[in-house]
Number of protein chains: 2
Amino acid sequence: VKEQTLATVFLEELRDIYDAERQITRALPKMVKGASSEELRDAFQTHLEETKRQIERLDSVFESIDQKARGKKCEAMQGLLGEGEELIEQHEQGPVLDAALIAGAQKVEHYEIAAYGTLCTWGKTLGYTDAVGFLKENLSEEKMADEKLTEVAAGINTEATVGA
Amino acid sequence: VKEQTLATVFLEELRDIYDAERQITRALPKMVKGASSEELRDAFQTHLEETKRQIERLDSVFESIDQKARGKKCEAMQGLLGEGEELIEQHEQGPVLDAALIAGAQKVEHYEIAAYGTLCTWGKTLGYTDAVGFLKENLSEEKMADEKLTEVAAGINTEATVGA
């Protein structure tokens, strides 16, 4: 049985999302390639740049609590991103694949929204003021990325009903 | 390469969430047992009853589009729920485990929020009016369940900082 403090689970969750973000930076270029809609490609590309900055903020979070920045394999993210890769392999490029890629990406965003929400709450309880500042920035970017995808989807889905 | 229509991906996503909800009904009783806070146990128990009704609504969704209700193994949910089981095995009962269980449950909720959000959007595009009605009910319940957990967490986290 592990030592049990909120500080420990905070650190574990932080390592989980750190690994998740790094997985995302490797997956997004494939999603950019798989997308047909220019708007969607731009949204993925923009989010890739954003994700790189989010990782830098996570480095600052680790530093602010005197911990070495280190990831811990996030299996959930591996599963979510794996589904996206399968989609790209199984479907021809076109509006239906775009719609499915958006659905997958929104699951990824929601995983992150939940994780950052938890980290913000725990960080606040633990008095990690600096950390919470960085985590809130990441949380708000993920929420905006999710909304952006909903917007992009609106244009694509109508096309997708008629098939590829 | 699979036939590509939005109707096909809608059906696949529906089968995915159908399986996910059924996995959740099997996991929640363990989470009820693992939780120490009475408020959290109640929240999980209430969500179990809710989840059973959500599955019935999904049966109606399948029926409304003349499809047999059938799940397709949702790997992502299996991963998320597996993490929760590990938590229960690795940690002693107490406020820290409760905080970690809530974090895991909120990831589950967010997976569902993303999935139902997608299904509602696609259903609307496809003109599945009855289906969208049921799906919206499920979506709104998941959002409320997520908010309820945030509320319960507020009381538990302060306790958790002092350890078990």
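Above this text sits the structure in question.
Quick caveat: nothing in here was measured; it's all calculated off a predicted structure. (Residues numbered from 1 in each chain as written. Chains lettered and ligands numbered in written order. Predicted model: local features only at pLDDT ≥ 70, side-chain atom pairs only at ≥ 80, totals over all residues. Heavy atoms only, no water.)

Peer 1: What's the story with the relation of the copies chain B and chain A in this structure? I'm lost.
Peer 2: One copy of the chain maps onto the other through a rotation about an axis plus a displacement along that axis. Its rotation angle being 180°, the transformation that places chain B on chain A also includes 0.0 Å of axial translation and leaves an RMSD of 0.0 Å. Given the turn and translation reported, the copies of this chain are related as if by a two-fold rotation axis. It is His110 of chain B whose C-alpha, among those of chain B, lies nearest the rotation axis, at 2.6 Å. Taken together, the interface assignments show that 100% of the residues at the interface of chain B recur at the interface of chain A, consistent with an identical surface on both copies. (Least-squares fit on C-alpha atoms with pLDDT ≥ 70 in both. Contact = heavy atoms within 4.5 Å.)

Peer 1: Any chance you could explain helix α3 (residues 75–90) of chain B here in plain terms?
Peer 2: One turn of the α-helix equals 3.6 residues, which is why residues spaced by three or four share an orientation. Along its 16 residues, α3 of chain B runs 22 Å from first to last C-alpha, staying within 8% of the 22 Å computed at 1.5 Å per residue. For α3 of chain B, every residue scored as buried is listed here: Ala76, Met77, Leu80, Leu81, Gly84 and Leu87 of chain B. Angular distribution of buried residues about the axis of α3 of chain B spans 125°; they occupy a single face of the element. Opposite its buried face, α3 of chain B presents the exposed residues Glu75 and Glu89 of chain B, each directed more than 90 degrees away. Where α3 of chain B is buried, its residues meet α3 (75–90) and α4 (95–125) of chain A together with α1 (6–34) and α4 (95–126) of chain B. (Helix = DSSP H or I, 4+ residues; strand = E, 2+ residues; numbered from the N terminus. Expected span 1.5 Å × (residues − 1). Buried < 20%, exposed > 50% of the residue type's maximum accessible area, 1.4 Å probe, protein only. Arc of directions from axis to C-beta.)

Peer 1: Looking at this structure, I do not really get the pattern of salt bridges. What am I missing?
Peer 2: It is possible for side chains bearing opposite charge to pair when their charged atoms get close. Per the stated rule, a full pass over the model turns up ten salt bridges over all chains. For the salt bridge of Glu137 of chain A with Arg57 of chain A, the shortest nitrogen-to-oxygen distance reads 3.3 Å. With Glu137 of chain A in helix α5 (residues 129–160) and Arg57 of chain A in helix α2 (residues 38–64), the pair connects residues that are 80 residues apart, well separated along the chain. Among the ionic pairs, Glu141 of chain B bridges to Arg57 of chain B, the shortest N-O distance being 3.1 Å. In this pair, Glu141 of chain B sits in helix α5 (residues 129–160) while Arg57 of chain B sits in helix α2 (residues 38–64), placing the two residues 84 residues apart along the sequence. Arg57 of chain B shares its class with Glu141 of chain B; the two are buried. Through salt bridges with shared partners, one network takes in Glu13 and Asp16 of chain A together with Lys107 of chain B. (Salt bridge = Lys/Arg side-chain N within 4 Å of Asp/Glu carboxyl O.)

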